[in-house]
Amino acid sequence: RPVLAGDAACPPSRVYLVDVPAHTDDIHAFLGRATAEMPVGATPPCVLCRSNAGMLGAAYWAIHHFRGRTGNKVHVLGGTNKAILTLNKFGDVYEVHAKQIPRRYKNFRTVDDLKAWAEKRDLVDIVSHCNFVLTHGNNAGAMLERIKEHLADADDPDVVLHAGTIHQSKGGEWNHVIVMPDVFAFLQQPSRPNSKAVWVEPWLLDSERYEDIHLLYVALTRPK
């Protein structure tokens with residue numbers, strides 16, 4: 001069930017937690033609901049994700065569906081040039097899917113093979129690229145090109161949404177922040193095989209769980 005969490009005593013700043021099954025249609029429905037509740041004319045909201053794959057999904061949704069309009073512009077945290085470099089990396093993986101294999105992935109014939117190789121080496125960015133392509137299949141290439149066409153700088157008056165990873169958001173503030181489900185999915189998982197506790201003293205946490213909680217803290221403190 002979608003949860004809207006905010007401090008009613010301090011409008012209009014608000015943080016929206018996307019607490020829905022991690023299915024594309026469900027998440028996009030929530031984005032529609034959350035942005036519809038924001039005042040018309042409000043400054044563009046910021047969507048925060050754990051991975052670049054989630055960020056691109058939110059950006060694509062905003063281009064086509066923000067407030068029922070299409071052809072919208074989006075700003076990716078970190079700037080347009082960095083965003084294009086990121087999109088090109090996703091595009092390299094899509095080329096594997098399309099059997100137009102780029103030189104850097106010449107040893108792989110399928111995206112599944114590339115993902116398995118990256119997982120063994122804990123190459124989380126490449127795994128994220130693979131997951132995006134596997135999720136969107138033949139549509140992934142067109143989605144990436146569409147996002148490139150609608151990138152804009154943060155101060156562009158036509159921007160309807162800022163999108164980025166939590167790492168990219170550090171130091172930034174927005175009136176409305178939407179936190180996507182990949183940010184706090186760790187709350188459903190025990191930190192160790194025999195552990196039932198999530199919130200424990202920081203010095204008892206393994207490094208991965210400590211990073212999870214730190215990222216969630218950063219996300220929840222981005223609203224002004």
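Look up: the structure comes first, before these words.
Residues numbered from 1 in each chain as written. Predicted model: local features only at pLDDT ≥ 70, side-chain atom pairs only at ≥ 80, totals over all residues. Heavy atoms only, no water.

Q: Whenever I open this one, the environment of F66 confuses me. Can you help?
A: Looking at the secondary structure, you find F66 in the loop between α2 (52-65) and β4 (73-76). It is 7.4 Å that separates the C-alpha atoms of F66 and V160, two residues lying 94 residues apart in sequence. Ignoring any residue separated from it by four or fewer positions in sequence, one finds F66 in contact with T35, P45, W61, N72 and V160. (Helix = DSSP H or I, 4+ residues; strand = E, 2+ residues; numbered from the N terminus. Contact = heavy atoms within 4.5 Å.)

Q: I would appreciate a short explanation of the packing of helix α5 (residues 124-136) against helix α6 (residues 140-149) in the present structure.
A: Two numbers describe a pair of packed helices, the interaxial angle and the distance between the axes. Direction vectors running N to C along α5 and α6 enclose 115°, while the axes themselves pass 8 Å from each other. By the angle class used here, α5 and α6 are roughly perpendicular. Of α6, the residues touching α5 (which contributes F132, V133 and H136) are A140, M143 and L144. Taken together, the residues that form the contact of α5 with α6 break down as five nonpolar, one polar and no charged. (Axes fitted to C-alpha atoms, helices over the stretch in contact; angles between N-to-C directions. Parallel < 35°, antiparallel > 145°, perpendicular 65-115°, else oblique. Nonpolar A, V, L, I, M, F, W, Y, C, P; charged D, E, K, R; others polar.)

Q: What exactly am I supposed to notice about α6 here?
A: Because an α-helix packs 3.6 residues into every turn, residues spaced three or four apart end up facing the same way. Turning to α6, its buried residues number three or more, namely A140, G141, M143, L144 and I147. The buried residues of α6 occupy an angular sector of 165° when the element is viewed end-on, so they sit on one face. Turned more than 90 degrees away from the buried face of α6 sit A142 and E149, all of them exposed. Looking at the buried residues of α6, the elements they touch are α2, α3 (80-97) and α5. (Buried < 20%, exposed > 50% of the residue type's maximum accessible area, 1.4 Å probe, protein only. Arc of directions from axis to C-beta.)

Q: It is not clear to me how the packing of α3 against α6 should be interpreted in this structure. Could you clarify?
A: Direction vectors running N to C along α3 and α6 enclose 165°, while the axes themselves pass 10 Å from each other. Our classification of the angle between α3 and α6 gives roughly antiparallel. For the element pair α3 and α6, the recorded crossing hand is left-handed. Residues I84, L87, N88, F90, G91 and Y94 of α3 pack against A140, G141, L144, I147 and K148 of α6. Residue composition of the contact of α3 with α6, by class: seven nonpolar, three polar and one charged. (Left-handed = near helix turned anticlockwise from the far one by under 90°.)

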